[in-house]
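# Chain and residue survey
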Amino acid sequence: MARLPILRYPDPRLHTVARPVAAVDARIRQLVDDMLETMYGADGVGLAATQVDVHERVIVMDTSEQHDHPIVLINPEIVARSAEMRLAEEGCLSVPQIYDKVERHAQVTVRATGRDGEVFEMEADGLAAICVQHEMDHLLGKVFVEYLSSLKRDRIRTKMLKKSREEQRG
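So, here is what we can say about the structure in this document.

Criteria and thresholds
Residues numbered from 1 in each chain as written. Predicted model: local features only at pLDDT ≥ 70, side-chain atom pairs only at ≥ 80, totals over all residues. Heavy atoms only, no water. Helix = DSSP H or I, 4+ residues; strand = E, 2+ residues; numbered from the N terminus. Expected span 1.5 Å × (residues − 1). Buried < 20%, exposed > 50% of the residue type's maximum accessible area, 1.4 Å probe, protein only. Contact = heavy atoms within 4.5 Å. Pairing = 2+ DSSP bridges. Axes fitted to C-alpha atoms, helices over the stretch in contact; angles between N-to-C directions.

Moving on to helix 1 (residues 26-41). With 16 residues, helix 1 should reach 22 Å at 1.5 Å per residue; the first-to-last C-alpha distance of 22 Å fits that figure. Within the sequence span of helix 1, burial applies to Ile 28, Leu 31, Val 32, Asp 33, Asp 34, Met 35, Leu 36, Thr 38 and Met 39. Once helix 1 finishes, Asp 43 follows within two positions and takes phi at roughly 60°, a positive value.

Further remarks concern helix 2 (residues 126-139). Along its 14 residues, helix 2 runs 21 Å from first to last C-alpha, staying within 8% of the 20 Å computed at 1.5 Å per residue. Burial analysis of helix 2 places twelve of its 14 residues in the buried class, the great majority of the element.

Below, the discussion takes up unusual backbone geometry. Backbone torsion omega between Tyr 9 and Pro 10 reads 10°, so that peptide bond is classified as cis. Structurally, the position occupied by Pro 10 is in the segment before helix 1. With a phi close to 65°, Asp 53 is a non-glycine residue in the positive phi region. Looking at where Asp 53 falls in the secondary structure, it is placed in the loop between strand 1 (46-48) and strand 2 (58-61). Of note, Asn 75 is a non-glycine position whose phi angle comes to about 50°, a positive value. Tracing the backbone shows Asn 75 in strand 3 (residues 71-81).

Tracing the backbone shows Val 143 in the loop between helix 2 and helix 3 (150-169). On the accessibility criterion, Val 143 (0% relative accessible area) is buried. Expressed as a C-alpha distance, the spacing of Val 143 and Tyr 99, which sit 44 residues apart in the sequence, is 12 Å. Setting aside chain neighbours within four positions, we find Val 143 in contact with Tyr 9, Leu 14, His 15, Val 95 and His 138.

This brings us to the sheet that holds strand 3. Pairing is antiparallel across the open sheet formed by five strands, whose spatial order is 1-2-3-6-7. The sheet is open, and its two borders are formed by strand 1 and strand 7 (119-125), each paired with just one other strand. Averaged over neighbouring strand pairs, the angle between their axes works out to 40° when direction is ignored. Note: strand 6 (residues 107-113) against strand 7, seven bridges, orientation antiparallel. Bridging across to strand 7, Ala 112 finds its partner in Phe 120.

Right under this line is the structure:
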């Protein structure tokens, strides 16, 4: 397994729409394992392949208290959404140390293929529902800051670009 570099906003590659995974083979299982190691190493609860510059429909997540219940969603699709909406604070490994409130469906049902190649359905609420919707946005080339006002988004973009320049200078 290997930790993968995470793209940082406003990297334009974060806006790439992911293509479906053709087959769950050794390459995809290795990608999943590397993504899990990357997510856990960055103290995240979710990671989309888009964030590690692989533009295929793969998500890993773990919203459990002990971080010991990884979930793999390959070619995920939301098949049901609650009418109830919930406003909650979100963060993102691609936008480190930035948090803001985003409105999402309180519950979702997702159909996906697992690491084992088997199709399954999963109902999610609370943090898991937020995480699924957030990561699926990444697969569509959307970053959570796009839900914010243009003023907030511009401030975040400026802050991230400044931070990136400072890190490059060492």
